[in-house]
Structure formats: structure tokens, C-alpha cells
Amino acid sequence: MKKYLLIIIAFLIVGCPVAFAQVKITVKGVVTDAASKEKLAGVSVRVKGKTGGTATDANGRFTITALSNDVLELSYTGYKLAAVAIGGHTTLDVSLESNIAQLNEVVLIGTRSGGRAKLETPVPVDVVNIAKASATTGRLDLTDILNYAAPSFNYNKQSGSDGADHVELGTLRGLGPDQTLVLINGKRRHQTAFVSVFGTRGRGNSGTDLSSIPTSAIDRVEILRDGASAQYGSDAIAGVINLVLKRNINQLTVNAGYAGYYDPAFNTRNAVAQGQYPHGGAIDGNAVTLDANYGLAIGKHNGFINFSANYANNGKTYRQTHDTAYANPKSLPLNTVRRANGDGSANSIDLFFNSEIPLASTRTTFYSFGGYSRKNSDDYAFTRNFSGSSNRFPTDASGNIIQVPGIINPTADGDYYFNPIIQTHNTDASLAMGFKGVLGKDVDWDLSNTLGNNSFHFYGDKTFNASLGAGKTHFDDGGPQFLQNTTNLNFNKHIGSIFDGLNIGAGAEYRYERYKIIAGEPDSYSNYNEDKATGSQGFPGYQPSDAVNAHRTVEGVYLDLEADVTKKWLIDFANRLEHYSDFGYNFNTKFATRYKITDNFNLRGSVGTGFRAPSLQQINYSSSYTNVQGGVISEVKIAPNYSPITKAAGIPTLKQEKSTNAGIGFTYKPIPELSITTDAYLIKVKDRVVLSGQFSADDDTLDPNFTAALTALHVTAAQFFANAVNTTNKGLDVVIEYNKTVGYNRFRLLFTGNFQNMKIDKINYPPKLSTTDDLKQIFLSDREQKFILASAPPQKLSLNPEYGYKKFTVGTRFTYFGKIVLLGYGQNFDGLNPQVPLDKTGQIVPDQYNYTGKVVSDLYFTYKLSKVAHVSIGSDNIFNLHPELGVVQGAKANYAFNNEPGGPFDPVQMGQNGRRLYVRVGFNF
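Residues numbered from 1 in each chain as written. Predicted model: local features only at pLDDT ≥ 70, side-chain atom pairs only at ≥ 80, totals over all residues. Heavy atoms only, no water.

*Asks:* How do you make sense of the overall build of the protein chain when you look at a structure like this?
*Replies:* Tallying secondary structure elements over the protein chain gives 10 helices and 48 strands in all. Relative to the compact-globule value of 29 Å for 925 residues, the protein chain shows a C-alpha radius of gyration of 31 Å, a close match. The dimensions of the protein chain, computed from C-alpha atoms along their principal axes, are 135 × 60 × 50 Å. Sorting the 925 residues of the protein chain into buried and exposed places 58% on the buried side. Total accessible area computed for the protein chain in this model is approximately 36,600 Å², and 59% of it derives from carbon and sulfur atoms. Taking the average place of the 88 positive charges on the side chains of the protein chain and the average place of its 81 negative ones, the gap between the two points comes to 10 Å. (Helix = DSSP H or I, 4+ residues; strand = E, 2+ residues; numbered from the N terminus. Rg over C-alpha atoms; globule rule 2.2 N^0.38 Å. Buried < 20%, exposed > 50% of the residue type's maximum accessible area, 1.4 Å probe, protein only. Areas by Shrake-Rupley, 256 points an atom, 1.4 Å probe, with all protein chains shown as cover. Lys, Arg positive; Asp, Glu negative; His and termini not counted. Charge placed at Lys NZ, Arg CZ, Asp CG, Glu CD.)

*Asks:* Quick question: what am I supposed to make of the pattern of salt bridges here?
*Replies:* Think of it this way: side chains of opposite charge can pair up when their charged atoms draw near. Inspection of every chain in the model, using the stated rule, returns 41 salt bridges. Ionic pairing is found between glutamate 120 and lysine 596, a salt bridge with its closest N-O pair at 3.4 Å. Of this pair, glutamate 120 sits in the loop between strand 9 (116-117) and strand 10 (125-129) while lysine 596 is found in strand 31 (residues 584-598), placing the two residues 476 residues apart along the sequence. Looking at glutamate 120, the relative accessible area reads 31%, which means it is partly exposed. Given the relative accessible area of 10%, lysine 596 is considered buried. Here arginine 576 makes a salt bridge to glutamate 509, at a shortest N to O gap of 3.5 Å. (Salt bridge = Lys/Arg side-chain N within 4 Å of Asp/Glu carboxyl O.)

*Asks:* Would you mind showing me how to read the sheet that holds strand 10 here?
*Replies:* Picture the strands of a sheet paired through backbone hydrogen bonds; they go either parallel or antiparallel. Read from one edge to the other, the open sheet built from 5 strands follows the order 10-15-16-13-14, with strand pairing classed as mixed. Only two strands of the sheet have a single neighbouring strand rather than two, namely strand 10 and strand 14 (187-188). As defined by bridge partners, strand 13 (residues 180-184) adjoins strand 16 (residues 239-245) across 5 bridges and the pair is classed as parallel. Note on strand 16: the bridge partner recorded for valine 182 is isoleucine 241. (Pairing = 2+ DSSP bridges.)

*Asks:* What is the right way to read helix 7 (residues 704-712) from this model?
*Replies:* Helical periodicity: at 3.6 residues per turn, an α-helix aligns residues three or four positions apart in one direction. By the burial criterion, the buried members of helix 7 are Phe706, Thr707, Ala709 and Leu710. In a view along the axis of helix 7, the buried residues occupy a sector of 155°, so they form one face of it. Set apart from the buried face of helix 7 by more than 90 degrees, the exposed residues are Pro704, Asn705, Thr711 and Ala712. Positive backbone phi, at 55°, marks histidine 714, one or two positions downstream of helix 7. (Arc of directions from axis to C-beta.)

*Asks:* What am I meant to see in the nonpolar core here?
*Replies:* Taken as a class, soluble globular proteins show a tendency for nonpolar side chains to be buried jointly. Membership of the largest hydrophobic core comes to 30 residues, with the highest contact counts inside it found for Leu142, Leu146, Phe153, Val221 and Leu243. Elements supplying a minimum of two residues to this core: helix 2 (130-135), helix 3 (142-147), strand 13, strand 15 (218-224), strand 16 and strand 36 (674-691). Setting aside residues no more than four positions away along its own chain, valine 221 makes contact with Asp126, Val127, Val128, Ile130, Leu142, Leu146, Ile241, Asn242 and Leu243. Core analysis: the next-biggest nonpolar cluster, separate from the first, contains 27 residues, Ile651, Ile763, Leu769 and Ile788 among them. (Core = buried A, V, L, I, M, F, W, Y, C linked by side-chain atoms within 4.5 Å. Contact = heavy atoms within 4.5 Å.)

*Asks:* Is there a simple way to explain the packing of aromatic side chains in this structure?
*Replies:* Both the distance between ring centres and the angle between the ring planes are used here to describe each pair of aromatic rings. Under the criterion given, the structure shown has 26 aromatic pairs. Seen from their ring centres, tyrosine 580 and phenylalanine 583 are 4.7 Å apart, and the 15° between their planes marks the pair as stacked. Their ring planes at 55° and their centres at 5.9 Å tell us that tyrosine 765 and phenylalanine 779 sit as a pair that is tilted. Highlighted residues: tyrosine 765 in the loop between strand 39 (745-763) and helix 8 (773-779) and phenylalanine 779 in helix 8, separated in sequence by 14 residues. Residue classification places tyrosine 765 among the partly exposed positions, given a relative accessible area of 29%. Over the aromatic face of tyrosine 417 sits the side chain of arginine 339, whose NZ or CZ is 4.2 Å from the ring centroid. Note that arginine 783 overlies the ring of tyrosine 825, its terminal NZ or CZ placed 3.7 Å from the centroid. (Phe/Tyr/Trp six-rings, centres within 6.5 Å; stacked < 30°, edge-to-face > 60°. Lys NZ or Arg CZ within 6 Å of the ring centre and 35° of its normal.)

*Asks:* Where do I start with helix 9 (residues 782-789) in this structure?
*Replies:* Residues of helix 9 that are buried include every one of Arg783, Glu784, Gln785, Phe787 and Ile788, and no others. Of the surrounding secondary structure, the elements contacted by the buried residues of helix 9 are strand 36, strand 38 (715-742), strand 39 and strand 42 (820-823).

*Asks:* What is the right way to read a nonpolar patch on the surface from this model?
*Replies:* Residues Tyr258, Tyr262, Ile283, Val288, Ile873, Leu917 and Val919 make up a contiguous nonpolar surface patch of about 520 Å² in total accessible area. Of all the elements in the fold, those that place two or more residues in the nonpolar patch are strand 17 (253-262), strand 18 (283-298) and strand 48 (916-924). Note on placement: valine 919 falls in strand 48. (Patch = residues over 30% accessible without salt bridge, like charges linked within 9 Å, V, L, I, M, F, W, Y side chains within 5 Å.)

*Asks:* Honestly, the pairing of strand 21 (residues 364-380) in this entry has me stumped. Any pointers?
*Replies:* Along any regular strand the residues' side chains alternate between the sheet's two faces. Counting buried residues in strand 21 gives 13 out of 17 residues, a clear majority hidden from the surface. With 14 bridges joining them, strand 20 (residues 345-358) and strand 21 adopt antiparallel strand pairing. Note on strand 21: the bridge partner recorded for serine 345 is aspartate 378. Here strand 20 hands over to strand 21 after 5 residues, with serine 361 in that stretch at a positive phi of 60°. When strand 21 meets strand 25 (residues 421-439), the two strands line up antiparallel, connected through 17 bridges. In the sheet register, glycine 370 faces strand 25, and the bridge partner there is leucine 431.

*Asks:* What am I meant to see in the side chain of asparagine 729 here?
*Replies:* Its place among the elements puts asparagine 729 in strand 38. At 2.9 Å, the side chain of asparagine 729 forms a polar contact with the backbone oxygen of arginine 173. Setting aside residues up to four positions removed in sequence, asparagine 729 forms contacts with Arg173, Gly174, Leu175, Tyr681, Leu682, Ile683, Gln756, Asn757 and Met758. (Polar contact = N/O pair within 3.5 Å; in protein donor to acceptor, adjacent residues only side chain to side chain.)

*Asks:* Even after reading the chapter, I still don't get the sheet that holds strand 7 (residues 94-96), so can you show me in this structure?
*Replies:* Taken together, 3 strands build an open sheet; the order of strands is 4-1-7 and the sheet is mixed. Two strands in the sheet have a free side with no partner beyond their single neighbour: strand 4 (61-67) and strand 7. This sheet shows a mean twist of 35° between the axes of neighbouring strands, independent of strand direction. As defined by bridge partners, strand 1 (residues 24-33) adjoins strand 7 across 3 bridges and the pair is classed as parallel. Bridged to valine 31 within strand 7 is valine 94. (Axes fitted to C-alpha atoms, helices over the stretch in contact; angles between N-to-C directions.)

*Asks:* Would you mind going over the environment of lysine 462 with me for this structure?
*Replies:* Topologically, lysine 462 is positioned in the loop between strand 26 (443-461) and strand 27 (474-495). Accessibility expressed as a relative area gives 39% for lysine 462, which makes it partly exposed.

*Asks:* Sorry, what's going on with the environment of valine 887 here?
*Replies:* Within the secondary structure, valine 887 sits in the loop between strand 47 (869-876) and helix 10 (892-895). For valine 887, a relative accessible area of 8% gives the class buried. Those residues in contact with valine 887 that lie beyond four places of it in its chain are Leu332, Tyr849, Lys892 and Ala896.

*Asks:* So what exactly am I meant to see when it comes to unusual backbone geometry here?
*Replies:* Trans is the prevailing form of peptide bonds, just as negative phi is the prevailing case for residues other than glycine. One non-glycine residue with positive phi stands out, namely asparagine 185, at about 50°. By secondary structure assignment, the location of asparagine 185 is in the loop between strand 13 and strand 14. Since its relative accessible area comes to 27%, asparagine 185 is described here as partly exposed. Even without being glycine, phenylalanine 499 reaches a positive phi, approximately 55°. With respect to the helices, strands and loops of the structure, phenylalanine 499 is situated in the loop between strand 27 and strand 28 (502-518).

Right, dumping it as C-alpha cells:
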């Protein structure tokens, strides 16, 4: 008996480790970034040598079943592969170390499964590292930085376009500024209250002002270049921009910079016509910036709060052609239309924070982010000349001009002029708060509320209400306000047992929006002398009849299914139903897929529908100015969609823009250092909202009921927002990136390209406004059609080679902007079939401006001075290139400035300011 007992004991002693090694256990854990301690979502967790596996959820957690002596492999793009022995442990927390060569390669936008590698998404996504992008350019605004960093993103600074001069609105894939949705940390960002009515870009559009968000707060920008209305809702026809905020802790980052334009070719300081144009120094547009970022840890569970602040002060620029001698073929006449031409000045302060606080002893995290921005801008309006418009000047009882020093300026040829100034106070505030956690075993939930408000208030300065006299030179013109509150409830569940993994996303959204127009003070719009022009010159104030307080609600639900059908085949099927209180229901769907032909070559494509609801700004915008003729006071009005004038004109109630999107492309990584992506796209948009031309009450070809409505309201002309046009965009995006490190040598080459073509398929003429060809032209003229088609150049190509050695880096950036064609107003100054006569022969030619393709060259140097300090110096547009002048050669005597900005400089291609020099110094503590 003892013999058998000893044998059994010996067997147990020898066999227990073997038996133990074969025991299956459930292992749970959390995966974090080794440096920032940030929890990582979407990390692949597999048992080494076996198929299948799982991925971490939104809070970095994973659960996997394995043998107790197995080894887990954890992989995540941008991080080094980690192999961890289980060793019988049921809890296993892992920290991953970043891989510098793959940073910023994981994207959160376009998927609800916790993030995917950029080259493995079913639709194209650009990732822009803002710290790096801003350090190698003198461009200050986020919108301007993205213009040179993303292939199909476009932006041009407006000038001479009233409020459009004071806000930075970009476009994606050639569509309007309001057809791209902006998110912050995945939450909808509110739009600006401003709507463009006089600018040459985005006329009739609103949009999201990215400049109100400090660049120091942004870790990276994800640009989803594909229609995503079915995933995110209205405004995502062209795509989605997601700003991912910083989460750093215990690190203080401070950056200071200076930039200025050195443009001897067109700086008015060098103009022959001295005393006719205001000017600054040899270097103008001087800008000083200072920003800081710092984060603090909160609690013992990786909580944090991160703070950012930006300050910027930008000076004016002054641009004109220098020579006004008619004998010089390169000269242009004296620009008395807009003597003070150039960018306005601005000073701004932006504050932002981002925070997450896990609640102790729970699986719930509280998060919040938001900020405050105030930007005060100051820009010149069109010039008032006494010789041509004395009724716009204050005069005494004898009709003699009342000279006001510092405002009214005499000229050498005996004239007087003043340049009214438009000032804006653009104030922006936002706050997002929410809770996220786990319901049951593995259902992630997220409940949030995001509130945003924008106030865009106008002032007139150094100007007059001539009917009031010379005593008052500053006016409160009123302005719009826009508030948006969005509440979201989202659920996500990953099921590893279906296919090779299925993620189910579902949720609901409730949104409240409010739009106001606040009337200006009476002196800004009133008339006190019928012999004088009405209201403050430059920008007459909003009248009480323009004031509005409109609101609406939006309810929406969505279902998103994302499945790894196999290890190679991914599909995504999204559906969204929304209801708007002001125009009803809308349903959209999208299908996207990606197939791995090989480990380094993927095919991808998508097809879907999209929509954009007409904004409250477009539905309710109203603006009036008064005209005095023969002692009779009458008004010209941009009428809101519900106005009796609008209805009498036969303009239908605004409805949603609808789109059909399709895309196909591939990603290829032949070697670890080289990646290639190519994506073709097709976007058809029906019923785009634009602003019509002006219809006159004196036009006897109009419907009598319409002209009677104008006359009854003492309105001489009116224009409207309408679903006026259907368009088709076709394009191709190409991105090629190479990164290689050899010893201390670093090589980088980035090529981005966008090739696009837009055509107008149909103009939706209202029956009452299409009875004659002239009325059709007024509704949407050839000139206005060119502005729509020129929202992006047909080609934009960028080549960015960069070399680094130890602490030193040098790089260049070559950006090609393709040809743009615009039209002037024509000899009748009405924009209808615009043509002008040549000076010498009188021959009638098209009033057409051809801006030929050009390459802008940037050069930059960076040097790491120490462990905590670095410096960057360089020049944007180092060869001082400008677009072609907006003028018809040979027809310049009377029609040289026959265009929108009142000068030969249109906001196209690289803009009007020329070479920019800059220096930046940064510190990291």
C-alpha cells in the first residue's frame, strides 16, 4: 500500500506542473502608453502561435482565454510589438513603447471599433501632426496650416469681403465650407454665426472656424476624405475633420514666434503714387505668437487635465501694383476703388482644456473639454472718394467737406478720400462633458453633452453716417449669434466569436440650435438727411427688421456594423435616420470595405448617400441697407427664406442638400519605410444652397406679384438663398511617404496630390425667375458659376523633402496650384454675360481672369539647442510668387478693377501677400 502511495505522490509531484501548464484561464488587463499612461483602444491581443484573439476596448481593457503558460502578443500601429508571458496570472497590465517611425498612424475617425491603422481603414484618412506642421511654417492659423499639409483641403484668405475677411473657412474636395463636419475628440463642433454673402469664396455658406481652437491644444488632426453623413449626420458630405486634443501630463511646452511679409513687388510702400495708398513698413503683416501647454495628473487612476493657451497679434498688409503710368504695359490705373487693399489686423486669445477622470472603484470615467476664444479684427472696406460720392461725406451747410484729421485724407490731385474700417469681435465658447464606461461585461457606453456658442459682432470705425454729420466716427452695427447644444448616447460591443470580430455601434443624438441677429444702434442704419447716404459707410448696421431669433431641434439614431469577415476582409455598414423640426426626416446609408490582397497591399472602397441640412443661418439671414433717390427712402434686402418677398418671388422653402458618394482606392507598403495611397472619388450633390443675384423692382419682366411685394415694402431690389444648383465632383488623391533613418541621418519625403474637376449639372430655376434669359442669369450668373467651380484648383500637388542629422533638420516644400478662371462684372457692371471693350480698338472680349498654375517654394531649418529648447527659421513662398493679376490686359483703362475684391488681387492659389519670413523658438520642460 505504501508502495502505491509513493508512486501516486511522485506522479503528482512530477505531473502537477504539466497539468498546471495545460489549464485554461481567463486573463484580463489594461494596455497603456508607456510614456503618457494613456489607455490605448484597439490594441490587438493574441496568443502567440495561434489564430484569433481580441482587441482592447475604448478604456484599454482586454479579456482573453489562454493556457496559463502561453505568451500574449500585443500589437498596435505606432508602437513596438510586445510579447508577455502569462505565467499563470489572471490579471496582466501592459505598457507599450512608442515606435517613432509609426507615430500618428492610428486613426479614430471613421470607425467605432477603437481605432485602426491608417493604411488599413476602408476609406482614406490623413493624419496631420500639428506640432511638427506648425514648427516648419510661418502660417499661423490652423486652417492655413492644413491647406499645405492635406491634399484636398483648400483655403484662401479673403480681403475686401466684409465679414469674410475676419473668419477662416476651409473646404474639402472642392465643396463648400459648410459641407465638411468638424469634430473635437469625436464630438460635433458648432459652426460660426457668420454667413458669407459678399466673399468670393463660399458665398452663401457658413462653416466651422478652426482658428478659434488653439494649435497648442491639438495633438493631431484626422481628415476623413469620404462622405460620412450616415455615420456622423449633417454637414459630412465632403468628409469629416476630427481634432484630437492633447493628453500630456507633467510636461510644459512653450512656443514663441514672429513672422512678417517681405514683398517688394506689391507692398504699397514702394508704390509710385505716393500719398494715394496707405502703407506699413518694408515688412508688413507682422505677427507675434505665444502659446503654452501643460498637463496635470488627477487621482491614482491615470486621470489628467491638460491646459492650453494661445496669444496672437497680426498686423495689416498693404498690396497694390506700383506703377500707374498708362504707357507701361505692366501698370494698372490708380486704384481709387479700394486704396487700402490687403489683409486686416487681428489680435486673439484662445484658451482650451481637456480632461479625463476615472471614478474610483468603478468602470466609469468622467471627461470634459472646451474653451474660450476672442478675436478682435480690423480691416479696411472699399474707399469713399469725395469726387465720386460726396453724399457719403460729412459736409457743412454750403456743401464743403468737413475735414476730420486721421480719417479724411487729401490727395495731391485735389481729391479727398477715407477708408472705412470694419471691426469684428468674434467670441467663441464651448464646453463638452460626459461619462463613459462599461455596461455588463463588455458593452461600452458614452453619454455626453456638448454646448457651443459663437457671437460675431460688427463695428464701423473711422467712418461716418453722412446724414448724421462728422461728430460720430464709431458705430455698433450689431451682428449674428449661433448656439448649438448636442446630447449623444452611444453604445459599442465587440463580439469576437462572429466572423473574425464584429463591432456593433448604435446610438442616439438630440441637438438644439438657435440663431439670432442683433440689430445695431440706430445711428448705424438710419437716415437723418435725405440728401445724404444712409447708415454708417463700409458696413451699415443690421436693422430691427433684420433681427431674428430662430431655433430648431434635431433627433437622430444610427446603427453601425463593422466586421472583420476574415483576417483580410473588412466591411462597414452604417445607417442613420434624423428628424429636423423645420423640414422633416432624412435617412442615409453607407457601405465601405477593405480587402488585404497581401500583407502590404489593400484595396478599399465605399458608396453611400449623404445630406446637409440648410443651416439656420441660411434660412434666417437678413440684411438691409437704405438707398435715397429723389428724396424717397427705399431698401435693398437680402431676404430670409420665409419672407413675403421670397415667397412672392417663387423661391421654394429651403430643403436639405442630398449627395451620392463613391470612392475606390488602394494602400501599398512595399517596404517598411515607404507607403503609397491612391483614392478616386465621385460626389454628386443635388440642391446645393447658394445666394442668388439681385432682382430689381423696376424689372418689368418679373412677375407683377413679386414687384408689387417689393414696392409695398419699399424694397428696390432683393436676393435670396435657394437650392439653386446640382454639381458633380470627380477627383483623385495621392499620398506617398518615405521615412528612413541611417545612423544619425534622417530622410523623409512626402508627396501629396489632389486632382479634381467639378461641373454644374443643373441650375434649379424657380418658375417665376426663369421667364427670360436675363432673369436666369440674374438668378445664377456665369460669373457666380465660376466662383462655385473655382472653390478648389483642378490640381494641388505638394512635394516635401526633408533631411536631418543629429540635432539639425532642413526641409523644403514645393506646392503647385493649378489654373483658376474667374469672371469680372463686365462693362454693364451687372455680371450678366460679362464682357468689356479693349482700350485701343473697342473690340468686345470676355471679362475673364486666367490665373495660371504656379509653384510655391518653402524653406525651413530647425535645430535642437538643448534638451529643452529648439529653434526654427525659414521662409514660406521664398521666391515671392503671386497669382496673376485679376485684369483683362488691354481693357484696363475703365475696367481694371472690375471684380469682387475691388483690385487685381483675388483670393486664389497662394494668396496676395507674397514672401513670409519667420522664426520660432520652443521649450519643453
